Amino acid sequence: MMSEAIRTLRGTDATGLYPLPSGADCSIRRYKRDANAKRVLYVAEGLDRTWSQKEVWAIIESLERQGMRVTLLTTPKDDGCNLRQSFSIVKARSKWSMIMYLLTKAWQYDAVITYVTRSYAVMLPIIKMLTGIRYVLKSDGFIFSPGQMGELIPGTIWWRVRFADLLLVESPRIRESFARIVPRRNMLLCPNSVFERKLSKLLQEFSHKAGQKDSRHIILFVGRIVPSKGVHLLVSSFRSLANEFPDWHLVLVGLPKDTHYVSSIARSINEAPLRGRVHVIGYVDDADLHRFFYEADILCLPSYSEGSSNVIPRAMFFSNAIVASDVGETPYQLDEGRCGLLFERGSEKQLEECLRRLMSDVDLRGTLGSRARHRVLQLFTWERNMEGFLQRVLTVL
C-alpha cells in the first residue's frame, strides 16, 4: 500500500499546472487602519503560485497588523496570482517598469521594503536622497556565495546597504560579512522561518487522520527540478542503494522547470532498479505539500547552490531526518550538522554514504529529527521573528 500523499496525487497532472489554493490559507486578514496610516511599498519580483509560501506573507501581515497600508509591487510570472488579499498589488511588466514605478511613485510611500540583490535596489539611495523616503533591505545567503554576488559587494552592494535604514539578514554569517563592509550597520537577524500555528494545526490534522503506516519508507525532495538542485545526484545515489533497501521509495515534489533535464531524469527512473520506486510529483498546494513532509522519513536537498532554504525549516518542523549539501545557509539552519547530515557540494559518494547511514539506522533518524524540530521552534518561526522585526520597523518609520 502506497503512502496517503502518493495515493492521492498519483493520478493527477505532474506538469505543475495546478490551480492556486484559495481562501483563508492564502489571504491576509484585514486590519483596521486610520487615514494617517503609514504607507509601505513591498517590492518582490516574480509573483507566482509559490509566492504565498515565502516570507512576503509574514512581513506583509505583520505590517498590516500594525495598521499600515501595504502595496505589493511585483512582476507576475503567470496568471495564477488572483489571490484574495486586503493589500493592493501593482503588476509591472518588467524590471524596467518596476524601476520607473519606483522613480515616479516612491515619494507617495513612507517606506520601501525589497531585496539587496535585486537590480532596482540600486535606485533606492538616490530616491531616498531626493524624497527622504526610508527603505528596508532583505539579504540572503546567495549574496556571499562563491560565484554569486560576492564580487559586487565592494561596489553596488555597498552602495545599496550603506544608506538603508534597516538591513534584514538571514544568518550570523551574513551579518558578520556585512559588518566588515559597512561597520555599525543597522541589522536584524531574520532567518527564513515557518508559520508555527498553521503547521501545528496541519500536524494535528494529519495525526488524527493517519492510519497504520505501511512498511515502505520515503526519501523526499522538494524544490524546482533543475540541475542546480542536484536532483540527478539524488537519483543516482538512490539507484546505488535501491537493491540494498527494497522498502524505500524516492518522491520528487516540485515544478519541472527544465524540460530536457526532467526528460533525462524520467528516462533514468524508468529503468531497473528504479522502476516503480521513484515518484515525480508536480506542484501541490500547501496542505498536500506538508502532508509529504509529515509522511517522509528523510528529506534530501542536494543543491549546488542555495541561499537560505525555505524547505529545510519545514522539514525540521515535521521532524524529518535531513541530508543536505553544505551550501549557503544550510549549515547554519542544521546547526553545523547537529540537526542533520551535511555533505560536500556535488559529492555523490558522500551523499550516498549519508543516505545509507540514515536508511539503515532508525534511531539516528529519530535523534536528528527531534533535534531539528527543537531548533526550528527555538529559532525559525515567523511568530517569534516578526516581533523583533516590527519593533525595528516601527523605529525606522
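Everything below is about the structure shown above.
Summary of the structure given here.

Each value, and the rule that gives it
In this convention, every chain numbers its residues from 1, walking through the sequence in written order. The model is predicted, so local features are restricted to residues of pLDDT at least 70 and side-chain atom pairs to those at 80 or more, both for listing and for counting; the totals for chains, interfaces and linings are taken over all residues. Heavy atoms throughout the structure, all of them, feed into the side-chain values; hydrogens and water do not. Whether two strands pair comes down to DSSP finding at least two bridges between them. Helix numbering and strand numbering both begin at the N terminus, where a helix is a DSSP run of H or I of at least 4 residues and a strand a DSSP run of E of at least 2. Crossover handedness is defined here as right-handed if the route from the first strand over the helix to the second strand goes clockwise, with the strands pointing away from the viewer. Angular values range over 0 to 180 degrees, each being the angle between N-to-C directions of two axes fitted as lines to C-alpha atoms, with helices fitted over their stretch in contact. Should any heavy atoms of two residues lie within 4.5 Å, those residues are considered in contact. Take the buried Ala, Val, Leu, Ile, Met, Phe, Trp, Tyr and Cys residues and link them wherever side-chain atoms come within 4.5 Å; each set so joined is a nonpolar core. The classification of residues rests on relative accessible area computed with a 1.4 Å probe and restricted to protein chains. Under 20% of the type maximum is buried, over 50% is exposed, and intermediate values are partly exposed. Only one rule defines a salt bridge in this text: a Lys or Arg side-chain nitrogen within 4 Å of an Asp or Glu carboxyl oxygen.

**Description of the pairing of strand β10 (residues 278-281)**
Part 1 of the reasoning: Of the strand pairs in this sheet, strand β9 (residues 248-253) and β10 are connected by four bridges, and their pairing is parallel. The residue bridging leucine 252 from the neighbouring strand is valine 280, located in β10.
Part 2 of the reasoning: In this fold, β9 hands off to helix α9 (residues 259-269), which returns the chain to β10; that crossover is right-handed.

**Points about the sheet that holds strand β1 (residues 39-43)**
Part 1 of the reasoning: Ordered by their spatial adjacency, seven strands build an open sheet running β3-β2-β1-β4-β5-β6-β7, and the pairing between neighbours is parallel. Two strands close off the open sheet at either side, each with one partner strand: β3 (88-91) and β7 (187-189). Averaged over all adjacent pairs, the angle separating strand axes in this sheet is 20°, with direction ignored.
Part 2 of the reasoning: In this structure, strand β4 (residues 111-115) lies alongside strand β5 (residues 134-138), joined through five bridges in parallel fashion. Its bridge partner lying in β5, alanine 111 is registered against arginine 134.

**Details of the sheet that holds strand β8 (residues 217-222)**
Part 1 of the reasoning: One open sheet accounts for six strands, arranged β10-β9-β8-β11-β12-β13; its pairing is parallel. One side of each edge strand has no neighbouring strand; the edge strands of this open sheet are β10 and β13 (341-343). Across the sheet, the mean angle separating the axes of adjacent strands is 20° when strand polarity is ignored.
Part 2 of the reasoning: Bridge count for strand β12 (residues 321-325) against β13 is three bridges, and the pairing is parallel. From the neighbouring strand, valine 323 faces β13, where its bridge partner is leucine 341.
Part 3 of the reasoning: Of the strands in this sheet, β8, β9, β10 and β11 (298-301) are in contact with helix α10 (residues 286-295), which crosses β8 at around 135°.

**Notes on the nonpolar core**
Part 1 of the reasoning: Judged by nonpolar contacts, the single largest core of 63 residues is most densely connected at Ile219, Leu220, Leu252 and Val323.
Part 2 of the reasoning: Among the elements that line this core, the one with the most residues is helix α8 (residues 231-242), at seven residues.
Part 3 of the reasoning: Setting aside its immediate chain neighbours within four residues, leucine 220 contacts Val251, Val253, Phe292, Phe293, Ala296, Ile298, Leu299 and Cys300.
Part 4 of the reasoning: Of all hydrophobic cores here, the second largest spans 28 residues; its members include Ile127, Ile157, Leu167 and Met187.

**Points about unusual backbone geometry**
Part 1 of the reasoning: The amide bond that connects alanine 272 to the next residue, proline 273, takes the cis arrangement and shows omega of 5°.
Part 2 of the reasoning: At aspartate 335, a position not held by glycine, the phi torsion is positive, near 55°.
Part 3 of the reasoning: Structurally, aspartate 335 can be placed in the loop between α12 (330-333) and β13.
Part 4 of the reasoning: At glutamate 336, a residue that is not glycine, the phi angle is positive and equals roughly 55°.

**Some remarks on the pattern of salt bridges**
Part 1 of the reasoning: Going through the model one piece at a time under the given rule, you end up with 11 salt bridges.
Part 2 of the reasoning: Its salt-bridge partner being arginine 173, residue glutamate 329 comes within 2.2 Å of it at the nearest N-O pair. Of this pair, glutamate 329 sits in the loop between β12 and α12 while arginine 173 sits in helix α6 (residues 172-181); the two residues are 156 residues apart in sequence, bridging distant segments of the chain.
Part 3 of the reasoning: The exposure class of arginine 173 is partly exposed, given its relative accessible area of 33%.
Part 4 of the reasoning: Each of Glu244, Glu352, Glu353 and Arg356 takes part in one network of salt bridges that share partners.

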